[in-house]
Amino acid sequence: MKDFRRLLRHLAPYKKYVGLNILFNILMAIFTVVSIPVFIPFFRILFGMETPISVRPEGIHSLDDAINMANYTFSQVIAEHGVSHALLLTCIVLVSMFFLKNLFRYLSMYFIAPVRNGIVRDIRQEIFDRMTILPLGYFSEERKGDLMSRIVADVQEIEWSILNVLEAVFRSPVIITGAMFIMIYMSPGLTLVIFVLMIFSGVIIGGISSRLRRQSGELQDILGMLVSTVEETLGGLRVIKAFRAERFQQGLFRKINETYRDTQTRIIRRRDLSSPLSEFMGIGVVAVLLWFGAQRIFAGEIGAEAFMAFLLAFYNVIEPSKSLTNAYYNIQKGLAAVDRVDKILDAPGGMPEIESPQRIHKITEGLRFENVSFTYAKAEQPALSGIDFFLPKGKTVALVGLSGAGKSTIADLIPRFYDVTEGKITIDGVDLRDVQVADIRDLLGIVTQDAILFHETVRNNITFGMEATDEAVKEAAGQAHAAEFIDQLPDGYEFNIGDRGGKLSGGQRQRLTIARALLRNPQLLILDEATSALDSESERLVQEALDILLADRTALVIAHRLSTIRRADEILVLREGRIVERGTHDDLIEKGGEYSKLVQLQGLG
Ligand code: ADP
């Protein structure tokens, strides 16, 4: 029930609409209920039971008085205008009542539509905002496709299953209560019988749906795997084709797809049991009712017309009872989706901050790693141990080492994507953990190995959320040696570069990310050089752009190009998470140790 209350919390901003919906639901229910007794005079005339009432009741003090008054008025109409006129009048009253009932029904749905869709929008936005805030560590544990499926499919499931229920919850009880009231008025004995039978049916149906929640959760998990597989396959099409792994991927997908089908079939079969079962139990109840009712009529305890009205009232109870049991089914299904959505919303948000963190907007001394060790969550070996170095303002420190040595991990610790396990990292002597996270990230500019670009215009890829004038953008592009190729694009700066910048060459993509970093003009640059080789012309352009970017800048570089390494003020050689050598290029070459081996191995220089 806790999850359900959480869901209701989303209703709060739509109080007005929900209120209107409830109001019109109640009006609709009232018109459903009051239209039932209108049939009584009709039956009376049809069954030839009409006995004129000539005494006008004095005032209306009770329900009986009201009914007598109605009967009296009806007798008067028959006396004055004849039977067929009276029948016509009954029909007109009926039509008007049903018109109003359905008008209110439409109005109630009219006002609930913005609530349903509004809640879907709110939950989606909440998940999306959350996704951007969650620490990076969260995403190495989760599959991207699964997260995507939650924001699309699970939220949709919540819409379908639970919000559908809103209608049932606000409308059905009113109709059931009203109809029951009429039934009790006409025959308390029969009503009691029906009530007991209905509760009995409800318990049986409830038993069937108890497993639905777990099954639905499974189904959504499988859907998540399905989307993940699509996402990973589309992302890796190049490699899949090159390795001719199409069949393998198809097989993977087929297996998940089939599991999805099987689970879905099981769920649908279970769900589909509810309608036939409730109809069958309904007719059982009706049979009992007919049997008992007939006995009462023969015994003269209840008139045939009243019994017909009783049946009508009961008929009106069936539909809302069904929608209530269906609601129970749907809630079970929807709650599974709520669980999955809540797992994201409840995950601890960004990196923890202290009570009143320090503000830093400039670097005056530099960045220092003090005996830093770091172990990834769930990893056995530390990725870094005892890392000690100082990066003074305006200087460049280069990290070199084989793949897996820990270079990227060092780079990821600076923006606090992760926190150190031991030791500390300081900027101007202040521990990063005591600084506002937003400030640290504002100081930084990051150029990553694979140019991270979005399906957007050139301009938006350069500004990337930053306010900047066209001149500033052009200047940054110029310095990055990107202006020339941008000018040749069909729409220049407004050209959409396609998925992950697919419409640009590798060198162009790199220069675009360099332009992005130049525009930010960061206090501290983290540069992860691309390893992929470019043709010599592109290489020269990228190199020149990098030279401009690095000039007099405080930079930590994961270096792969000899030219970049050469100009570094200090080189740190890493192996298995430790610094094994340090110094300038010339010192280290002269030493003839690890570094000189690396240079030979990687063909640097
Ligand atoms: P480099 O950048 O030098 O190639 P990394 O910093 O990426 O090296 O990796 C250092 C070590 O940490 C490697 O052993 C790698 O397997 C491990 N590692 C990297 N990222 C993660 C992660 N998200 N979870 C667990 N282990 C990781």
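This one's a predicted model, so the numbers in the text were calculated from it and none came from an experiment.

> What is the right way to read the nonpolar core from this model?
One recurring pattern in soluble globular proteins is that nonpolar side chains are buried together. Counting 46 residues, the largest nonpolar core has V458, I462, I486, L512, I571 and Y595 as the members making the most contacts within it. Counting residues per element, this core draws most heavily on helix 18 (residues 506-520), which supplies 6 residues. In this structure L512 touches L453, V458, I462, F485, I486, I497 and L504, once residues within four positions along its chain are discounted. Judged by nonpolar contacts, the second largest core, of 35 residues, contains I360, I425, L444 and L572.

> Explain the environment of V115 here, please?
In this fold, V115 is placed in helix 4 (residues 83-133). Spatially, the C-alpha atoms of V115 and R244 are 49 Å apart, while their sequence positions differ by 129 residues. When near neighbours in sequence (up to four residues on either side) are disregarded, V115 contacts L11, Y14, Y17 and V18.

> Can you walk me through the site of the ligand in this structure?
The local shell around the ligand consists of Y376, A383, L402, S403, G404, A405, G406, K407, S408 and T409. One of the side-chain nitrogen or oxygen atoms of S408 is found 2.4 Å away from an oxygen atom of the ligand. For the ligand, the accessible surface in isolation is 560 Å², of which the surrounding protein chains cover 61%. Per-class residue counts for the shell around the ligand are 4 nonpolar, 5 polar and 1 charged.

> I would appreciate a short explanation of the sheet that holds strand 3 (residues 396-401) in the present structure.
Picture the strands of a sheet paired through backbone hydrogen bonds; they go either parallel or antiparallel. Read across the open sheet, the 6 strands follow the order 6-7-8-3-9-10; overall the sheet is mixed. If you trace the sheet from one side to the other, it starts and ends with strand 6 (444-447) and strand 10 (578-583), each paired once. Here the strands of the sheet are splayed against their neighbours by 20° on average, with no regard to which way each runs. Two strands pair when backbone bridges link them, and strand 6 and strand 7 (residues 524-528) are joined in this way by 4 bridges, in the parallel orientation. Paired with I446 across the two strands is I526, which belongs to strand 7.

Basis of the calculations
- Residues numbered from 1 in each chain as written.
- Predicted model: local features only at pLDDT ≥ 70, side-chain atom pairs only at ≥ 80, totals over all residues.
- Heavy atoms only, no water.
- Core = buried A, V, L, I, M, F, W, Y, C linked by side-chain atoms within 4.5 Å.
- Buried < 20%, exposed > 50% of the residue type's maximum accessible area, 1.4 Å probe, protein only.
- Helix = DSSP H or I, 4+ residues; strand = E, 2+ residues; numbered from the N terminus.
- Contact = heavy atoms within 4.5 Å.
- Near = heavy atom within 4 Å.
- Polar contact = N/O pair within 3.5 Å; in protein donor to acceptor, adjacent residues only side chain to side chain.
- Areas by Shrake-Rupley, 256 points an atom, 1.4 Å probe, with all protein chains shown as cover.
- Nonpolar A, V, L, I, M, F, W, Y, C, P; charged D, E, K, R; others polar.
- Pairing = 2+ DSSP bridges.
- Axes fitted to C-alpha atoms, helices over the stretch in contact; angles between N-to-C directions.

Function-wise, these values are silent; they only describe arrangement.
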